[in-house]
Amino acid sequence: MTPAWNRLGATASSPFKRSFLRGLIILDRSSYYAILVAMGMMTLLVSAQVFTRYVLSSSIDSADELSRLFFVWAIFLAIPHGIKIGIHVGIDALVTHFPEFLQRRLAQLMSWVGAAMMGALFWISIGAVASKWQEMMPTLPVTAALFYIAVLVCAAHSCLHLVAQALGLEPLPSAPEHHGGTPS
């Protein structure tokens, strides 16, 4: 069993919570594979472009646009994984002086606030996708909205992780403890 499945059994007491976490775990795994594919395709495309440009004195017309699209998708698919484990930037100079229970409650509150903000970003992204849908990429016969769909997916996935943290289904990210000298 993976740590995610162990967490599922340990924290999800109700059928709704188990289903929610099971769906989130499947979404995470799918997202990981999509990140691998996007990064691999970007690497292959840039390598092929370098080869064709410098060895064959030619160029792949859509290489810049496609590599940028794969990069954008890889980054936006990775953001929810960072949120899940708490590697985002946080300023905790004041909060660390509060009692542990208050720190937890504030972390839950901030998860709810973050989820609301991701919900707002999701809503705004729907409008951006709709407005860009008719616009085509210059070198490819596909919609330019693909860039904005990455933001939409990121917002939804991030929102789900923040809701899971706020509900206590995932551990709340915490600052690394310091024991003198260097962080452990």
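Read on for a plain summary of the structure. All values reported here derive from a predicted model rather than from experimental measurement.

**Re the pattern of salt bridges**
Two side chains of opposite charge can pair, provided their charged atoms sit close to one another. This model, assessed by the stated rule, comprises 3 salt bridges. A salt bridge links Asp28 to Lys84; the shortest N-O distance between them is 3.3 Å. With Asp28 in helix H2 (residues 15-54) and Lys84 in helix H3 (residues 63-85), the pair connects residues that are 56 residues apart, well separated along the chain. Here Arg104 makes a salt bridge to Glu100, at a shortest N to O gap of 3.6 Å. Taken together, the positions of Arg104 and Glu100, both in helix H4 (residues 100-132) and 4 residues apart, correspond to about one turn of that helix.

**Comments concerning the side chain of Asp28**
Note on Asp28: relative accessible area 4%, which makes it buried. Discounting residues that sit within four places of it in the chain, Asp28 has contacts with His81, Lys84, His157 and His161.

**A word on the packing of H2 against H3**
Running from amino to carboxyl end, H2 crosses H3 at an angle of 150 degrees, the nearest separation of the two axes being 8 Å. Accordingly, the angle class assigned to the pair H2 and H3 is roughly antiparallel. Relative to H3, the crossing made by H2 is left-handed. Together, Asp28, Ser31, Tyr32, Ala34, Ile35, Ala38, Met39, Met41, Met42, Leu45, Val46 and Gln49 of H2 and Ala63, Leu66, Ser67, Phe70, Phe71, Ala74, Leu77, Ala78, His81 and Lys84 of H3 make up the contact between the two elements. Considered class by class, the residues forming the contact of H2 with H3 number 16 nonpolar, 4 polar and 2 charged.

**Quick word on the packing of H2 against helix H5 (residues 146-166)**
At a closest axis distance of 11 Å, the pairing of H2 and H5 adopts a crossing angle of 140 degrees. Relative to H5, the element H2 is oriented oblique. Considering how the two elements wind past one another, H2 and H5 form a crossing that is left-handed. Only His157, Leu160, His161, Val163 and Ala164 of H5 make contact with H2, whose side of the interface consists of Phe20, Leu24, Leu27, Asp28 and Ser31. Across the contact of H2 with H5, the residue classes break down as 6 nonpolar, 3 polar and 1 charged.

Scoring rules and cut-offs
Residues numbered from 1 in each chain as written. Predicted model: local features only at pLDDT ≥ 70, side-chain atom pairs only at ≥ 80, totals over all residues. Heavy atoms only, no water. Salt bridge = Lys/Arg side-chain N within 4 Å of Asp/Glu carboxyl O. Helix = DSSP H or I, 4+ residues; strand = E, 2+ residues; numbered from the N terminus. Buried < 20%, exposed > 50% of the residue type's maximum accessible area, 1.4 Å probe, protein only. Contact = heavy atoms within 4.5 Å. Axes fitted to C-alpha atoms, helices over the stretch in contact; angles between N-to-C directions. Parallel < 35°, antiparallel > 145°, perpendicular 65-115°, else oblique. Left-handed = near helix turned anticlockwise from the far one by under 90°. Nonpolar A, V, L, I, M, F, W, Y, C, P; charged D, E, K, R; others polar.

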